[in-house]
Amino acid sequence: MFTGIVEELGTVAAVEDQGDAIRLTVRASTVLSDAGLGDSIAVNGCCLTVVTHDGVQWTADVMQETLDKTSLQGVKPGDRVNLERAVTAEKRLGGHIVQGHVDGVGHVVRRSPSEHWEVVEISMPPELGRYLVDKGSITVDGVSLTVVEAHDTTFTVSLIPETLARTTLGSRQPGDRVNLEVDIIAKHVEKLVRAYTQDATKEQS
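I will try to describe carefully the structure that is included in this document. Computed from a predicted model, the values in this text were never measured in an experiment. (Residues numbered from 1 in each chain as written. Predicted model: local features only at pLDDT ≥ 70, side-chain atom pairs only at ≥ 80, totals over all residues. Heavy atoms only, no water.)

## Observations regarding the nonpolar core
Right, on to step 1. Counting 22 residues, the largest nonpolar core has Leu24, Val43, Leu48, Trp58 and Leu83 as its most contacted members.
Right, on to step 2. At the level of secondary structure, the elements contributing two or more residues to this core comprise strand 2 (21-27), strand 3 (40-43), strand 4 (46-49), strand 6 (57-63) and strand 7 (80-85).
Right, on to step 3. Aside from chain neighbours lying at most four places away, what touches Leu83 is Val6, Glu7, Glu8, Gly10, Val26, Ala28, Val31, Ile41, Ala42, Val43 and Trp58.
Right, on to step 4. Counting 20 residues, the second largest nonpolar core, distinct from the first, contains Val120, Leu145, Val157 and Val178. (Core = buried A, V, L, I, M, F, W, Y, C linked by side-chain atoms within 4.5 Å. Buried < 20%, exposed > 50% of the residue type's maximum accessible area, 1.4 Å probe, protein only. Helix = DSSP H or I, 4+ residues; strand = E, 2+ residues; numbered from the N terminus. Contact = heavy atoms within 4.5 Å.)

Here it is, written out as structure tokens:
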């Protein structure tokens, strides 16, 4: 589990094609300070497992399923990526509960800069729209953000200077793909309400 608070920007060092998977190598420092084999690190919001590391860079195997459903498809050496270690019990929950399981891929639609922040509009698959509400939470490329306005197929977020400087969202341009993870609590509530409604309907019939 993660919180959506990016710890550092890593750099893709190598991408090894393995047919139905890739082996991804990322240069980093902060997230490797206490990393062990088998630990989880989120890369642009995708939970990956550390296979090897030497204190300077680490590798993870990315299956075809992950490539098909996330923006890690097409990643190349030199790309910057958002990194976050799995949360520990004593850590402050600065963002919101993030699983590192991408629900869909969206695209940056437009950026509207102002003096102290930037409003970014992002498209999303239509099936995710029901999980977003104004002032609710959304994870974009592993960054926990507050939704400003939620629409059926798009939403907007406001990015403060800290987010612009310390994450990949500062350089994403219109047309760029981004990983999206909706609030897991909203998904659980939907399932519970659906089950309750179905049970109530059965009792009345």
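## Topic: the sheet that holds strand 9 (residues 118-123)
Right, on to step 1. The strand order 8-9-12-11-10-13 describes a closed barrel built from six strands, whose pairing is antiparallel. Within the sheet, the average angular offset between the axes of one strand and its neighbour, ignoring direction, is 45°.
Right, on to step 2. Two elements, strand 9 and strand 12 (residues 154-159), share six bridges in a ladder whose sense is antiparallel. Within the sheet, the bridge partner assigned to Ile122 lies in strand 12 and is Phe155. (Pairing = 2+ DSSP bridges. Axes fitted to C-alpha atoms, helices over the stretch in contact; angles between N-to-C directions.)

## Notes on the pairing of strand 10 (residues 137-140)
Right, on to step 1. Relative to strand 11 (residues 143-150), strand 10 is paired through four bridges, and the arrangement is antiparallel. Within strand 11, the residue paired with Ile138 across the bridge is Leu145.
Right, on to step 2. What sits between strand 10 and strand 11 in their antiparallel hairpin is a turn of two residues, with Asp141 showing a positive phi close to 50°.
Right, on to step 3. The sheet contact formed by strand 10 and strand 13 (residues 177-182) spans three bridges and is antiparallel. Of the residues in strand 13, the one forming a bridge with Val140 is Leu180.

## Side note on the sheet that holds strand 6
Right, on to step 1. With antiparallel pairing, seven strands are arranged side by side in an open sheet as 4-3-7-1-2-6-5. Strand pairing shows two members of the sheet lacking a second neighbour, strand 4 and strand 5 (52-53), which therefore form its edges.
Right, on to step 2. Across six bridges, the pairing between strand 1 (residues 8-17) and strand 2 is antiparallel. Counted as the bridge partner of Val12 is Val26 from strand 2.

## Structural notes on the pairing of strand 13
Right, on to step 1. Of all the six residues making up strand 13, five are buried; the element is thus mostly covered by neighbouring parts of the structure.
Right, on to step 2. Here strand 8 (residues 104-113) runs beside strand 13; their pairing, made up of four bridges, is antiparallel. Bridged to Gly106 within strand 13 is Val178.

## Quick word on helix 3 (residues 184-204)
Right, on to step 1. With 21 residues, helix 3 ought to run about 30 Å at 1.5 Å a step, and its terminal C-alpha atoms sit 31 Å apart, in line with that.
Right, on to step 2. Its side-chain oxygen at 3.1 Å from the backbone nitrogen of Ile185, Asp183 defines the N-terminal cap of helix 3. (Expected span 1.5 Å × (residues − 1). Polar contact = N/O pair within 3.5 Å; in protein donor to acceptor, adjacent residues only side chain to side chain.)

## Digging into the side chain of Ser144
Right, on to step 1. By the element assignment, Ser144 lies in strand 11.
Right, on to step 2. Here Ser144 falls in the buried class, since its relative accessible area comes to 17%.
Right, on to step 3. Side chain to side chain, Ser144 and His96 meet in a polar contact 2.7 Å long.
Right, on to step 4. In contact with Ser144, not counting residues within four places along its chain, are Thr3, Gly4, Gly95, His96 and Ile138.

## Here we look at unusual backbone geometry
Right, on to step 1. A positive phi angle is found at Asn44, which is not glycine, with a value near 50°.
Right, on to step 2. Considering the arrangement of structural elements, one finds Asn44 in the loop between strand 3 and strand 4.
Right, on to step 3. Classification of Asn44 as buried rests on a relative accessible area of 4%.
Right, on to step 4. The backbone phi angle of Asp141 is positive, close to 50°, even though this residue is not glycine.
Right, on to step 5. Mapped onto the secondary structure, Asp141 falls in the loop between strand 10 and strand 11.
Right, on to step 6. The exposure class assigned to Asp141 is buried, which follows from its relative accessible area of 0%.

## Let's talk about a nonpolar patch on the surface
Right, on to step 1. On the surface, a nonpolar cluster with roughly 250 Å² of combined accessible area is contributed by Ile185, Val189 and Val193.
Right, on to step 2. Relative to the assigned elements, Val189 resides in helix 3. (Patch = residues over 30% accessible without salt bridge, like charges linked within 9 Å, V, L, I, M, F, W, Y side chains within 5 Å. Areas by Shrake-Rupley, 256 points an atom, 1.4 Å probe, with all protein chains shown as cover. Salt bridge = Lys/Arg side-chain N within 4 Å of Asp/Glu carboxyl O.)

None of the figures reported here should be taken as evidence of function without further support.
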